[in-house]
4 protein chains.
Amino acid sequence: MSGEIPHERHELKEKIHEIIFEADTPVGKVFDVALLIIISASVVVVMLESVMPLQERFGQVFDILEWIFTIVFTIEYILRLYSVYRPFKYAISFFGIVDLLSILPTYISLILVGSEYFLIIRVLRLLRVFRIFKLGHFIKEGALLVKALRASRARITVFLTFVMLLTVLIGSIMYLIEGGVDSGFTSIPRAVYWAIVTLTTVGYGDITPVTPIGQFFSAAVMILGYAIIAVPTGIVTAEIIKEGRNMTNTQACRYCGAEGHDDDARYCKSCGAKLNER
Amino acid sequence: MSGEIPHERHELKEKIHEIIFEADTPVGKVFDVALLIIISASVVVVMLESVMPLQERFGQVFDILEWIFTIVFTIEYILRLYSVYRPFKYAISFFGIVDLLSILPTYISLILVGSEYFLIIRVLRLLRVFRIFKLGHFIKEGALLVKALRASRARITVFLTFVMLLTVLIGSIMYLIEGGVDSGFTSIPRAVYWAIVTLTTVGYGDITPVTPIGQFFSAAVMILGYAIIAVPTGIVTAEIIKEGRNMTNTQACRYCGAEGHDDDARYCKSCGAKLNER
Amino acid sequence: MSGEIPHERHELKEKIHEIIFEADTPVGKVFDVALLIIISASVVVVMLESVMPLQERFGQVFDILEWIFTIVFTIEYILRLYSVYRPFKYAISFFGIVDLLSILPTYISLILVGSEYFLIIRVLRLLRVFRIFKLGHFIKEGALLVKALRASRARITVFLTFVMLLTVLIGSIMYLIEGGVDSGFTSIPRAVYWAIVTLTTVGYGDITPVTPIGQFFSAAVMILGYAIIAVPTGIVTAEIIKEGRNMTNTQACRYCGAEGHDDDARYCKSCGAKLNER
Amino acid sequence: MSGEIPHERHELKEKIHEIIFEADTPVGKVFDVALLIIISASVVVVMLESVMPLQERFGQVFDILEWIFTIVFTIEYILRLYSVYRPFKYAISFFGIVDLLSILPTYISLILVGSEYFLIIRVLRLLRVFRIFKLGHFIKEGALLVKALRASRARITVFLTFVMLLTVLIGSIMYLIEGGVDSGFTSIPRAVYWAIVTLTTVGYGDITPVTPIGQFFSAAVMILGYAIIAVPTGIVTAEIIKEGRNMTNTQACRYCGAEGHDDDARYCKSCGAKLNER
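Each value, and the rule that gives it
- Residues numbered from 1 in each chain as written.
- Chains lettered and ligands numbered in written order.
- Predicted model: local features only at pLDDT ≥ 70, side-chain atom pairs only at ≥ 80, totals over all residues.
- Heavy atoms only, no water.
- Helix = DSSP H or I, 4+ residues; strand = E, 2+ residues; numbered from the N terminus.
- Buried < 20%, exposed > 50% of the residue type's maximum accessible area, 1.4 Å probe, protein only.
- Contact = heavy atoms within 4.5 Å.
- Areas by Shrake-Rupley, 256 points an atom, 1.4 Å probe, with all protein chains shown as cover.
- Polar contact = N/O pair within 3.5 Å; in protein donor to acceptor, adjacent residues only side chain to side chain.
- Patch = residues over 30% accessible without salt bridge, like charges linked within 9 Å, V, L, I, M, F, W, Y side chains within 5 Å.
- Salt bridge = Lys/Arg side-chain N within 4 Å of Asp/Glu carboxyl O.
- 1 Å grid on protein atoms, 1.4 Å probe; cavity = no way out; pocket = protein on both sides within 12 Å on 5 of 7 lines; lining within 4 Å.
- Points joined across faces, edges and corners; volume = space filled by probe spheres on them.
- Nonpolar A, V, L, I, M, F, W, Y, C, P; charged D, E, K, R; others polar.
- Phe/Tyr/Trp six-rings, centres within 6.5 Å; stacked < 30°, edge-to-face > 60°.
- Lys NZ or Arg CZ within 6 Å of the ring centre and 35° of its normal.
- Bend = angle between axes of the 7 residues up to and from the residue.
- Axes fitted to C-alpha atoms, helices over the stretch in contact; angles between N-to-C directions.
- Left-handed = near helix turned anticlockwise from the far one by under 90°.
- Core = buried A, V, L, I, M, F, W, Y, C linked by side-chain atoms within 4.5 Å.
- pLDDT = per-residue confidence, 0-100.

### Focus: the overall build of chain A
Right, so step 1: A tally of regular secondary structure across chain A gives 11 helices and zero strands.
Right, so step 2: Shown N-terminal to C-terminal, the secondary structure of chain A runs as helices and strands in the order α-α-α-α-α-α-α-α-α-α-α.
Right, so step 3: Relative to its 278 residues, chain A shows a buried fraction of 49%.
Right, so step 4: Of the contacts made within chain A by residues no fewer than 6 positions apart, 56% connect residues no fewer than 24 positions apart.
Right, so step 5: Of the roughly 13800 Å² of accessible surface on chain A, 68% is carried by carbon and sulfur atoms.

This is the structure in structure tokens:
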């Protein structure tokens, strides 16, 4: 098939792909930054549309802007489909779906009034902001954070499971204590909601204990939360320190290619070959 | 006594024990997961029963579900007692008591109306969710966390004792400052409750200082709490880092004695000699 | 003078001193624990006295208990003065003053009605709870915490100074934004109080921004507070890790007595002498 | 030009410069501390002026003090311009602009009534408090903190970007859930404000979910925030530990090359050889 395409068209396709998908060329950088600005503007418009007084005054302006953004994004979506090597694979990828869902609601609103609820999906396009990290050295730092969080996934799961059981227990006990009184603890689910609000130290104050025994128990829960909040912090901190340490020796063994040697390593830990003196 | 039991019955006992108490065999895994789902469902029912509108509409459904769960748990409890080698030891163990208390309230409710308060005990069965950790590698991570918390127990006790004394002091001073005014500080215990709410950064806002001097003192308490909250975090983090370090390869090289090898190390990083296979 | 004291009296003095001031002998331990329980009870009574309904019902009981505690503490105070080697030095020490102030208000209340405000000082006696730590290995852990906090004093001072300046700046800006509106920001001091409540993530909600621009600025302040709260935690954690590391090698040099050697140290870092193999 | 200035005047210029700009000489120290006290007093006056009752009673006193401070600061500003080698460079530096803006509003208030809003700028002069750190060893600690924060800038940027996107997403979803009901979620920006208040665990409680599904989603957000708050702490802690380690003795033994000696080490911990005096 690629043989049938005239040479110029093939070149155009390559050029478009370079501009839209790559961020390393100057023109690709400009495109990425411009796209980012347009997406941000479009999200701001969606947000402002939800503010009643503004909607009443600038409703028409918002509508026009909405259509401009939609048309721009539609053209971009078509160009992406056209220039990519495997259009179908892009279409079913995370960003492919988000890109499609970001333009659909506006078209649907022509037929179905009140599809404003779906405009929210465009917010997800903001995730593309992370593409800009390709432009700098931020990507390495981001990767380290993701790696640290992924490495501590198991511990955090154990911890969160424990915390959730604890909140159910605390909430139930609190319901027994404060349930009868005219306080906010009208049901166990609400009491569990209160327990989460308290243990995470958010503390809205929409539901608060009113009986002395309830306040005493709450105080105990807070002191407990004090000790508990230290755990996820400790887990993540330990992992970040470890990842940061592993990243210091960037040397790869010349024989087996193994990486992640310690700073003081003089021999490859994987094949025993001598590493370069540093 | 075991000699008097017919061979088949003995085998049955073994089989039941394997299913109920062990999580390593396929059928044991299935049982554990099924039990976990039933317990969760039963806890959800207890929680929903406490929601007034739902109780009014689905009260009868809840009652029937309650009895089904109770009968299932009763059969499970009897099987546990039957299949375990030392029934009495199980009966007085933590989970043995919880299992018994999780079925008793429903039976008692036949005689004693209003024993709903004891249904709460069933929530404790949720703790059995941690059995599922046996199924994966989560148990190792959980053990590390428990070990880290246990190791820092002494420090956390010292810290919490200090914090509790501090809250009594702060609460008393605040009662002297705001006690006369029409604010929430109506007694020293309430003021201590406020001090705990503030120092732990929960901050409900149900009791807040209204006098300028009270607000000034509160601000100082918050700044203090800022520095204090760092302490438990530091304790637990230090311990997790230490535990994590200890859990990595404890092998010392047989030739040069170097330690601190990575988990995936097969050769000594210091002299290049082969390490023992693990 | 000590020569004039009969032998028995001298022995009695020694005995009393051993009981009251030392916590290492069995009888000293018993005394310490008993004293701790009495002080706790006395503090609980002071706290309960401030609760209006209890005061009305049990006022007389509280008064009697108050006098019993005061007499016990007075006897204890006299015995301390009698048995200690340098009575004056004890009298002007921190605990000496606290001990005196803990009994005075009750006597003063005979002449001056309404001296209840001074009863608060007795709360300080609770600090004596830390004496019980002498009984276990808690003292070591407490010392490590104190050492870690003392070592990070300079950094925490710099940090808190910066935070305080920041809150004045943030509070002033917020006053300019929200000052005119009918919100809680009625003066700069109040706005600074709000800034501290927000930055420390306490978040009472007694003063909250009502204008969109005020809420936008608040959100920025919170995100900032997010990054800032990490700093004291980091300082203290780093220090605790360091202290913990230093405490692992407990060996003192046999020649110069220097301590605090690293775990992998084979020679004294202070005089160069060989340390014991471990 | 410097040749034309009489010797005495040149010396005077040097003397003034030494007093005002240097903090190492005794007289420079005295000047710095005095200036700090005056600035603090002036900021306190600005703050108190905003308190209505005080303004009504002491308005005139505040005005007089305001003028005294302004005149003192004006003289100081002129002396700074006079004594510095490059007056223009100082004038356009951060502190040069702050110094100018700290005296202008008072003069403008003679012509323009209601320029009180600009008085706020004087608060920025408080930043000069950090000059006092030159007086002690605090500067080293402050530098370490700044260095640690600067080193973790990239990671914190990545993290904060992610958090901000997350809050927009969470806020939008919450607006869809609670938007119709009579709760505080009247627009997406307000819902995003709520999301930030919740994720940072500030938790004012001015906007709280009222529907069960909204409370369930909030609880999930809080649990998420629990895990997320650990990230900045981990980043900063890891950096402070690293900086702290780098600041200790960087000396390597001349005989065996061992590094990582303590600050107080005088002999190599590995081979016992004498280290260089520092």
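This is not the end of the story, as more comes after the structure.
### Notes on the side chain of C:Thr74
Residue and element names in this part refer to chain C.
Right, so step 1: Within the secondary structure, threonine 74 sits in helix H3 (residues 52–83).
Right, so step 2: For threonine 74, a relative accessible area of 15% corresponds to the buried category.
Right, so step 3: In this structure the side chain of threonine 74 is engaged in a polar contact, spanning 2.5 Å, whose partner is the backbone oxygen of threonine 70.
Right, so step 4: Aside from chain neighbours lying at most four places away, what touches threonine 74 is Ile103 and Tyr107.

### Focus: a nonpolar patch on the surface
All names here are of chain A.
Right, so step 1: Among the surface-exposed residues, Ile71, Ile75, Leu79, Ile97, Leu100, Leu101, Leu104, Tyr107, Ile108, Leu110, Ile111 and Leu112 lie close enough to one another that they form a single nonpolar patch of about 1000 Å² accessible area.
Right, so step 2: Those elements that provide at least two residues to the nonpolar patch are helix H3 (52–83), helix H5 (94–101) and helix H6 (104–111).
Right, so step 3: Broken down by element, the nonpolar patch gets its largest block of residues, five residues, from H6.
Right, so step 4: On the secondary structure map, leucine 104 appears in helix H6.

### Some details on empty space enclosed by the protein
Right, so step 1: Using the criterion set out here, one finds seven cavities of 30 Å³ or more in the structure.
Right, so step 2: In this structure, the largest cavity spans a volume of roughly 170 Å³.
Right, so step 3: Along the wall of the largest cavity there are 14 residues; nearest its centre are A:Ile229, A:Thr233, B:Ile229, C:Ile229 and D:Ile229.
Right, so step 4: Here the lining of the largest cavity is composed, by residue class, of five nonpolar, nine polar and no charged.

### What about the packing of aromatic side chains?
Right, so step 1: By the definition in use, this model includes 24 aromatic pairs over all chains.
Right, so step 2: Each ring, one from C:Trp67 and one from C:Tyr107, has its centre 5.7 Å from the other, and the planes form 70°; the classification is edge-to-face. Of the two residues, C:Trp67 is situated in helix H3 and C:Tyr107 in helix H6 (residues 104–111); the sequence distance between them amounts to 40 residues.
Right, so step 3: A residue is classified by how much of its surface remains accessible, and C:Trp67, at 30% relative accessible area, is partly exposed.
Right, so step 4: A cation over an aromatic ring shows up here: A:Lys13 above the ring of A:Tyr82, its NZ or CZ 5.7 Å from the ring centre.

### Quick look at H3(A)
Every α-helix winds through 3.6 residues per turn, so residues three or four apart in the chain are directed the same way.
Right, so step 1: At A:Phe58, H3(A) is bent by approximately 80°, the largest bend along its length.
Right, so step 2: Every buried residue belonging to H3(A) is among A:Gly59, A:Phe62, A:Glu66, A:Phe69, A:Thr70, A:Phe73, A:Thr74, A:Glu76, A:Tyr77, A:Arg80 and A:Ser83, and all of these are buried.

### Some remarks on the environment of D:Ile207
Right, so step 1: Looking at the element boundaries, D:Ile207 is found in the loop between helix H9 (188–199) and helix H10 (212–228).
Right, so step 2: In the structure, D:Ile207 is positioned 140 residues away from D:Trp67 in sequence and 44 Å away in space, judged by C-alpha atoms.
Right, so step 3: Setting aside residues up to four positions removed in sequence, D:Ile207 forms contacts with A:Tyr204, D:Gly184, D:Phe185, D:Arg190, D:Tyr193 and D:Trp194.

### Looking at the packing of helix H2 (residues 26–49) of chain A against H3(A)
Residue and element names in this part refer to chain A.
Right, so step 1: Close contact between H2 and H3 brings their axes to 9 Å; oriented N to C, the two are set at 145°. Of the two elements, H2 crosses H3, and the hand of that crossing is left-handed. Along the contact surface, H2 presents Phe31, Leu35, Ile38, Ile39, Ala41, Ser42, Val45, Val46, Leu48 and Glu49, while H3 presents Leu54, Gln55, Phe62, Asp63, Leu65, Glu66, Phe69, Val72, Phe73, Glu76 and Arg80.
Right, so step 2: Split into classes, the residues belonging to the contact of H2 with H3 amount to 14 nonpolar, two polar and five charged.

### A few points about the nonpolar core
Right, so step 1: Counting residues in each nonpolar core, the largest one holds 210 residues, and the members touching the most others are A:Phe159 and B:Phe159.
Right, so step 2: Each residue touching B:Phe159, except ones within four places of it in the same chain, is listed here: A:Tyr226, B:Ile228, B:Val231, B:Pro232, B:Ile235 and C:Leu145.

### Focus: the environment of C:Ile37
Residues and elements named next belong to chain C.
Right, so step 1: Residue placement: isoleucine 37 occurs in helix H2 (residues 26–49).
Right, so step 2: Here isoleucine 37 falls in the exposed class, since its relative accessible area comes to 55%.
Right, so step 3: Between the C-alpha atom of isoleucine 37 and that of glutamate 18, which follows or precedes it by 19 residues, the distance is 19 Å.

### Here's the deal with the pattern of salt bridges
A side chain of one charge can pair with a side chain of the opposite charge if their charged atoms are brought near each other.
Right, so step 1: A complete count under the given rule lists eight salt bridges over all chains for this structure.
Right, so step 2: Among the ionic contacts, a cluster of salt bridges with common partners joins A:Glu76, A:Arg80 and A:Asp99.

### Considering the side chain of C:Thr70
Right, so step 1: Structurally, C:Thr70 is set in helix H3.
Right, so step 2: A distance of 2.6 Å separates the side chain of C:Thr70 from the backbone oxygen of C:Glu66, its partner in a polar contact.

### Side note on unusual backbone geometry
Right, so step 1: Phi at A:Thr201 takes a positive value of approximately 60°, unusual for a residue other than glycine.
Right, so step 2: Of note, A:Thr201 is situated in the loop between helix H9 (188–199) and helix H10 (212–228).

### Structural notes on the confidence of the model for chain A
Residues and elements named next belong to chain A.
Right, so step 1: In the predicted model, chain A carries a mean pLDDT of 78, and the fraction of residues at 70 or more is 73%.
Right, so step 2: Model confidence for chain A, summarised as mean pLDDT per element, is weakest for helix H7 (residues 138–151) at 72 and strongest for H9 at 92.
Right, so step 3: Interface confidence for the predicted complex, given as ipTM, is 0.79, next to a pTM of 0.82.

### Considerations on the environment of C:Val43
Residue and element names in this part refer to chain C.
Right, so step 1: Note that valine 43 resides in helix H2.
Right, so step 2: Given the relative accessible area of 3%, valine 43 is considered buried.
Right, so step 3: Linking valine 43 and arginine 125, residues 82 residues apart in sequence, is a C-alpha distance of 8.7 Å.

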